[in-house]
Each structure stands twice: as C-alpha cells, then as structure tokens.
Amino acid sequence: RCFRTNLAAPASGRSLLPRRPRQTWAMAFLPRRRLRPASTSVPLVLSAAAALTLASGREPMFIFGGGSLPFEARPFPDEDAAMGKVGTARTETTTTPVRTTFTTSTSSTSTSTTGPHVFGGNVTKEAFAGWLSIWRSKYEIGLWNAGLPDPWESMLPEALRGHKCKVVRSKGGAAGGVVTEGMGYGIMIEGLLAAKGEDPRALNNSLSLIKSWLAMVNGGVATGTVEQPFAGGQNVTTSSTHVDTWPYGVSAVEWSHAKLAPAGVPAWKFPINQANVLQNMGSATDGDQDAMLGMIYTAHALQYPADFVDMTMRSVISFASADLGYPDLYRTLPNGEKVFVPKLGSMWGGLLPERGPFKTKQQPWCYSPGYFAPAHYRTMRDFVKTHWRKEFNDYLPAHLDKRPSSMEEMVEAFDSAITTGYNILYYSSCSSGSVSNWVGVKAECADDDKLSCPGVPWQHTPYVGSHGGECAQSGTMFGSFGADASRSAWRIAMDYVLYREESHRVKMYDRQGNPDKDLVFGAQRFLNRIVAQYASRSICDGGIPGDCLKNTSSPYRFAYAFDVKKFNATNVQCPNVPNPPTSWWAGFMAYPTFAAFVAPYDEIGAEQMTNWMDTFASICNFSAVDKWLYNRGGKPTGAICLDTYFEASQAVIAMMIMSDSIRPIGPPLGSALHMVTILKDAEVQEQEGEEVTKDEIQPQAMGFPERILRVATVGIVSIAAVAFFAACVRQRGTTPQYLHLNHLPCTSMVFPADKRSISCIYVEDEGL
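Residues numbered from 1 in each chain as written. Predicted model: local features only at pLDDT ≥ 70, side-chain atom pairs only at ≥ 80, totals over all residues. Heavy atoms only, no water.

**Digging into the sheet that holds strand 9 (residues 330-332)**
Where strands meet in a sheet, backbone hydrogen bonds hold them as pairs that are either parallel or antiparallel. Quick note on the threshold: When DSSP finds two or more bridges between a pair of strands, those strands are recorded as paired. For helices the rule is a DSSP run of H or I covering at least 4 residues; for strands it is a run of E covering at least 2, with both sets numbered from the N terminus onward.
Pairing is mixed across the open sheet formed by three strands, whose spatial order is 10-9-13. In this open sheet, the two edge strands, each paired with only one partner strand, are strand 10 (338-339) and strand 13 (452-454).

Next up, the structure:
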C-alpha cells in the first residue's frame, strides 16, 4: 500500500551532506474499495516509483504495508472521528555502541552478564493488540465523567491544547468511577507506546489523558467548593502546596515560570462531592507513579518541549514529596545511608507515624510490595538529572526547618526508594515469586514530631513490628498473594527490560540494616523464581508449542504452578507470605506472572522462553475481536479472558511487556535521529478517511545533481499522481475523500496492520 524510494549516495562514494536532511518519497495509498486485479493503478504507481528511484542511479526499494493485494479497507472508525484529532510520534534512537549480537526475531544474546530480555513471537503480539483494543474501550470523552470542568487551554502546555479530555472509567470494588489507578495505567501505556512510535493513536490518547490528569490535580466538586489546587491534600488552604500543613509533603506545585496551571498528583477517586470528600481525598502512589512514567515517555515522544518539561518536572517533584516523603520522611541505616519508603499515598502508609502533626490517616507502618516500581523511580531520577534547569529549584519543597532542599536530595530519594523496595520485596516474597499484598515497615522514632531517625524498615517484615502486627487495605488480605501483590511481577519485569544492568546491581541488607554481601537479589533473580515455578510445577512444557493446550482450551496444566486450592501448588505460602493466595484463575492474578519470562533463565533457552510466552498468549482466542475498535466486534473466548476493567488492565500491561512494546528512553535531546510530529486539527471528510500519521524520517544524502533530480522528481511523480487519481476516480465514480492536515506538513503516512487505506499521494523535497 505504501511504496517508498530513498535517494541515497551515488556508487562513486561522493558524500553530499545537505544543510537539511532531504528525502524523496513516492507514496501510494489504494482506494477504499477493492481494486480489480486488472487495475492499472498498481503497476502505474510501481512504475512511477521505480522510475523515480532509478533516476538516482539506485536500486528501487518497495515497502508493502501489511497483507497482499487485493486490499480491502473499512471506513474511518466513528470513535476516532469523534476525537477530532490525529497524531502519532516516531522516534528513532541510537545508543552507545556495545558488542551485541541479535540471533533471532524474538530474542538476543549479548556480552552482558545478565543478558538482554526475551520477548514473545507473533502470537504474543496479536494477543497484545487484542487486549489493547479492550483496554482502550474503557476510555470515555469528557471530564464530566469525573465531575470536573475542562482546564483553561491557555494555561496548558502547547501540546495539550485542543485535545479532548479523556478519562478511564473503571468498575468494581473500591476502584469504581474515575480513579488514579486507571488513569495512571492509561497514561503509562499510551506514553510508552507513543515513545516507541508505532501506534498511530498512542500519542493523542496520552495527551488527552494527561490533560484530564491536570484537571484532576486542580480539583473540583459537583456541589459546594474545595480548595484549589486540591491535589493530594485535604480541603484546607495550603494543604497540597506546603510541607508544614498536614499531610506531610507537597502534592502540587501551583505556579510555574512558564505561566502554566498547577501540576502534581490528584485525589485518588472522582467524582468528589461534599458527601464523599473525606473518603476520596488523598493521592494513591500506584496510580501516581504510573502516570509520571507515562508523562516522561510522552515528553520523550514530543522531543521535550520546554513547557511540557516544566509541567512534567513539577509533577515529578510533587510525586517525590507526597508519595516518597522527600525531603524529610526517611530512616537512617547504621552506615548513615538514608532509607526512603514509598508511602501508599499522600495521607497514609510507609513511614508516616501513628501520632503527631503528620500522623497517618489509615493503618500505620503499612506498605504494599505491589506498589514498588523501580523502573519508574529510575526513569524519574534520570529525567530530573537530564532535564533539570536552574529555575526548577524554585519548585522544590523546603525542609521542615526551612532549609532549602536540592535536586541532588531528590535524586537520592529515588535511588533510596529503589534499594529499599528490593530489600522489602525480598523479605515479603517466597521462592515461587509469590508476594504479600500488604506488609509492615515499622521503624518508629522516639519523638512523634520527628519524621527522620535511625531505623530499619524491613526488620520485622512482613509483620508490623516485633509483636506480629498486621495491616491491610483495598479489600485484599495481609500476607496473601492477591490482587495488590500480583502487580509486582510486571513492575519488576519493566525494571529488567528498561534497566537491565542496574536492576541486577542491588545493594542488599540484613535485618539489622548491615550490608549483606552474600545476599544476591534483583530483578532477574526475582523473575526467575516465577519462571522456575511454572517450569517445575506445571504438568506440561510451555516451551514446546501446543503441549500445554493439547486437546483443550483450558490452561489447567500450568495452573498447577500457583493454584493452591485445586492443585496443591507448593511454595506459594511461606513465612514471608503466611496466608493463602487468591485464585490463580483470576486474570489479574495469572497475567502479571507471565511477564516474568522476559528475563533470561539459565535452565530454559531463549527460544523456549518465547514459546512459553506465546503459550500464555494463546489462552484467549481473539479471532472475533476487532483490534481497532473493540465495541465493533466480539469478545475474546477462553478460561481467563474477562474484558472487565481490572482483568484487562493487568493483561494489557503484561502483554505489552512480553510483546517487546516498551523501550528504554533513547539518546538525549539534540540527537539527529530524534524526530516527531503531532498532526493536529485534522478535519475528516464524511468520516471516510483513515488515521494518517507521520512515519519515521531517515536522513539521507542526495546522490544526484540536485537541480536535475528535483526537476525529474516533480515531473515523474506529478504524471504518476494525475494518472493514479484518474484511475481511482474511474473505479469509484466519485472524487476521493481526503484527510486535511493543517499546521504541519504530511511527510509520510502509515496505517494499522489490518488492511485499511485511503486515497492519497504525496511527495516532498526541499523547497517543493
């Protein structure tokens, strides 16, 4: 459907490097209707593209987008037409050269001691496309769903202006309504995909969700009034913006050098009204950190505009203060190292004391290992270090004694939270990889007014203190492998994929807080526990295609690994996880564990690991699912294939990781290979077009006398264009419909891989 020709350097080797990279494109998009085999359109365009390439003395290269002729396309989805905007990003990155050998399409080997991550094959990618379609069906347009007004456009970063606000609508349990957990998942998923640059809707979705997030930070109620920015504070002036007003920490930076709206972390649940404000106020760390990761990746996709960086930096500062306790809420180990423990939100959990001016709102000394997100903290740390500007010092919260804090202290807090989290994870997990929902981190100061003192938070983990105390929240059980704990697997898998080497080098301590050089633990070690559990306890070999689902569509054969009630699975309970687990047959329990297979395991080869992931991906049949617009097709079928909010969220994130759809942040700003475009203000004629997005741009040198080539290019392609459109019009009996792209030129166009197309041809050269 798309035929591209690059004009490269001539065979003579003469290098012509223009002031601005140039490239000539011959693009052909076939009509929406099926072409007759005898149609002259295809050979005509092929001939034009070949002539254009041969004119430069180079061999033609044709790239066919998905499928084979004849093509058939469907109309522009009503959902996306309603969104009113089209956009994408494509980022090509380079890294410092290392000796790496890619051996197969699904894995790679390297001189690295830990080994690059493994990922699934086509089956896994198809399953991810299906789950992504299900997940996106949870998006709804309009902040009225959250009981909030739209934010002022003039006070937003330019990239957010004009985008329609979207929210993630969740259902069931404590998460019913619009909650930051779902918003965080959405921003994270779309931000990661936008930075990768292959999904034509990801960037727009991310921007729409971030816009709604900022409205949630400012806050509002359906009736009555609240202090603004409400953020993660209570309904008291300065509660969200001053560290010395309860709750401890700054959950919003309300002003900006760029004259933008407040940014930070919001209350955990909306809509808010006078009746539920006490129950819904306060941030939730899990949703906040996912949103921060997504914002940073979105900033990367946008190539770091100054105003977007300002907004993101203020959000990250707020997260560090409200949810990590920066700058004053920490403990000190015997060697003098500071220990920050992620709170469970702005108002409770972690190291917040039982009594005093900053006492916890809920159970004291409580922590959830399922909240621990080391890749997120590393990404925030690196974002701060890379994009810090002098004026950002003005946004930092002061110490309680009025001393100014520093960027270096915030970086220290992120690094500390990573080390602390891995140590607590070790003392709250079993050899099978099962983890406790909730554990204790009691390390009390002698003075309730003090927020920092000597102490070891994991001294009594998983219990709260030396007397075996317990804590729990969200309807899940203390010391049990359940819905909160299951997320540990994909959060640690992300750390391995995004920070492979660093996630291997974790400093471990004993119960008294002294370094333990004999204790080896990290992302790969934890993930390999889960892999070993499946490999040793399942009654089939997932590394052999078809073995586990032979003569059945039920995954019962590898359910033996974690199903305690039905199959007496072992090592799922242990002293660190003392209570019985939630059933493995819930999708939100099973799917996160599948992500563990991205980390290489010495006992199983890379090809077998890929087969395991494809086997897991085969549990659900997506043949009836419309992978572009879920509501237009059927539902997936299978034993653990529910399309409800929480099941879908865990499945789509796990499959995103397993399908190799996430990438580390690439080269810094200024790299010649960082290119991005947002196609704004698209006007769709009769909703019959298709999303048109900017494809990757690869700088090429002109390999032919420029003036002659330019004239030849214009002449050949103009003739081809006229003939092509004439053929299209004859077949359709009507004028082709176009997608009008305003403000920014359409250099190239890409489509989803499901045989959709529009009528369009476009050529660009410098000055043309």
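Picking up where we left off.
**Things to note about the state of the cysteines**
Keep this limit in mind: Cysteine sulfur atoms that pair up within 2.5 Å are treated as a disulfide.
Overall, the coordinates contain five disulfides when judged by the stated rule. Linked covalently through their sulfurs, Cys366 and Cys471 form a disulfide whose S-S length is 2.1 Å. Linking Cys366 and Cys471, the disulfide has an S-S dihedral of approximately 85° and is accordingly described as right-handed. Of this pair, Cys366 sits in strand 11 (residues 366-367) while Cys471 sits in the loop between strand 13 and helix 11 (488-498), and the two are 105 residues apart along the sequence.

**Things to note about the pattern of salt bridges**
The cut-off we apply is this: The term salt bridge refers to a pairing of a side-chain nitrogen on Lys or Arg with a carboxyl oxygen on Asp or Glu at a separation within 4 Å. Whether a residue is buried, partly exposed or exposed follows from its accessible area with a 1.4 Å probe, protein chains only, as a fraction of its type maximum: under 20%, in between, or over 50%, in that order.
Counted by the stated rule, this structure contains 28 salt bridges. Across the salt bridge formed by Glu181 and Arg487, the nearest N and O atoms sit 3.4 Å from each other. Separated by 306 residues along the polypeptide, Glu181 in helix 4 (residues 180-196) and Arg487 in the loop between strand 13 and helix 11 bring together distant segments of the chain. Comparing Glu181 with Arg487, the two get one shared label, buried.

**As for helix 17 (residues 606-617)**
What counts here: In this scheme, a helix's expected span is set at 1.5 Å multiplied by one less than its residue total.
Between its terminal C-alpha atoms helix 17 stretches 17 Å, which fits the 16 Å expected from 12 residues at 1.5 Å a residue. Taking burial as the measure, the 12 residues of helix 17 include nine buried ones, the bulk of the element. Within the span of helix 17, buried status applies to Met609, Thr610, Asn611, Trp612, Met613, Asp614, Thr615, Phe616 and Ala617.

**Some thoughts on the packing of aromatic side chains**
A ring pair, where both rings are aromatic, is described by two values, the distance of the centres and the angle of the planes. Heads up, the rule is: Pairing of aromatic rings covers Phe, Tyr and Trp, the last counted by its six-membered ring, and requires centre-to-centre distances within 6.5 Å; plane angles under 30 degrees mean stacked, over 60 mean edge-to-face, and any other angle means tilted. A ring has a charge above it when a Lys NZ or an Arg CZ is no more than 6 Å from the ring centre and no more than 35 degrees off the ring normal.
For the structure shown, the criterion picks out 39 aromatic pairs. Aromatic pair Trp131 and Phe622: ring centres 5.6 Å apart, planes at 75°, arrangement edge-to-face. A residue pair is termed long-range when its members are at least 10 positions apart, and Trp131 in helix 3 (residues 122-136) and Phe622 in the loop between helix 17 and helix 18 (645-658) qualify at 491 residues. Note on Trp131: relative accessible area 1%, which makes it buried. Classification of Phe622 as buried rests on a relative accessible area of 8%. Residues Trp388 and Phe392 carry aromatic rings whose centres are separated by 5.6 Å and whose planes lie at 75° to one another, so their mutual orientation is edge-to-face. When the ring centre of Trp628 is taken as reference, the NZ or CZ atom of Arg201 above it lies at 3.9 Å. Its end group placed over the ring of Tyr395, Arg314 keeps NZ or CZ at 6.0 Å from the ring centre.

**Description of unusual backbone geometry**
For the bond running from Phe270 to Pro271, omega is 0°, close enough to zero to count as cis. Among the structural elements, Pro271 can be located in the loop between strand 8 (269-270) and helix 6 (277-280). Residue Pro462 follows Thr461 across a cis peptide bond; omega there is 15°. Mapped onto the fold, Pro462 is located in the loop between strand 13 and helix 11. Not every positive phi belongs to a glycine, and Asn568 is a case in point at roughly 55°. With respect to the helices and strands, the residue Asn568 is situated in the loop between helix 15 (564-567) and helix 16 (587-594). Positive phi values are uncommon outside glycine, yet Asn571 reaches one of about 70°. Residue placement: Asn571 occurs in the loop between helix 15 and helix 16.

**Let's talk about the packing of helix 7 (residues 285-301) against helix 11**
Helix-helix packing is described using two parameters, namely the angle between the two axes and the distance between the axes. Note the cut-off: With axes taken as lines fitted to C-alpha atoms, and helix axes fitted only over the stretch in contact, angles between N-to-C directions fall between 0 and 180 degrees. Any angle that falls under 35 degrees is termed roughly parallel, while one over 145 is termed roughly antiparallel, one within 65 to 115 roughly perpendicular, and all others oblique. Two helices that cross are described as forming a left-handed crossing if the nearer one is turned anticlockwise from the farther one by less than a right angle, and a right-handed crossing if clockwise. By definition, residues are in contact when any of their heavy atoms lie within 4.5 Å.
It is the contact of helix 7 with helix 11, at a shortest axis distance of 14 Å, that shows an interaxial angle of 25°. Judged on the interaxial angle alone, helix 11 and helix 7 are roughly parallel. Considering only the axes of helix 7 and helix 11, their crossing is left-handed. In contact with Asp286, Gln289, Asp290, Leu293 and Tyr297 of helix 7, helix 11 contributes Trp490, Arg491, Met494 and Leu498.

**Let's talk about the confidence of the model for the protein chain**
Where we set the bar: Confidence of the prediction at every residue is given by pLDDT, a number between 0 and 100.
Counting all residues, the mean pLDDT for the protein chain is 80, and 72% of those residues have values of 70 or more. Note that residues 1-112 has pLDDT below 50 and, in this model, 295 contacts with residues that lie over four places away or in other chains.

**Re the environment of Arg525**
Mapped onto the secondary structure, Arg525 falls in helix 13 (residues 523-537). We classify Arg525 as partly exposed; its relative accessible area is 46%. Between the C-alpha atoms of Arg525 and His504, which are 21 residues apart in sequence, the distance is 8.2 Å.

**With respect to the nonpolar core**
How we decide: For our purposes a nonpolar core is just a set of buried Ala, Val, Leu, Ile, Met, Phe, Trp, Tyr and Cys residues, chained together by side-chain atoms within 4.5 Å.
One finds Trp131, Met494, Tyr534, Trp584 and Tyr591 to be the most contacted residues of the largest nonpolar core, which totals 187 residues. If you tally residues by element for this core, the top one is helix 18, at 11 residues. Other than its neighbours up to four places away in sequence, Tyr591 contacts Trp131, Ile619, Cys620, Ile640, Gln650, Ala651, Ala654 and Met655. Judged by nonpolar contacts, the second largest core, of eight residues, contains Trp365, Cys366, Tyr371 and Trp438.

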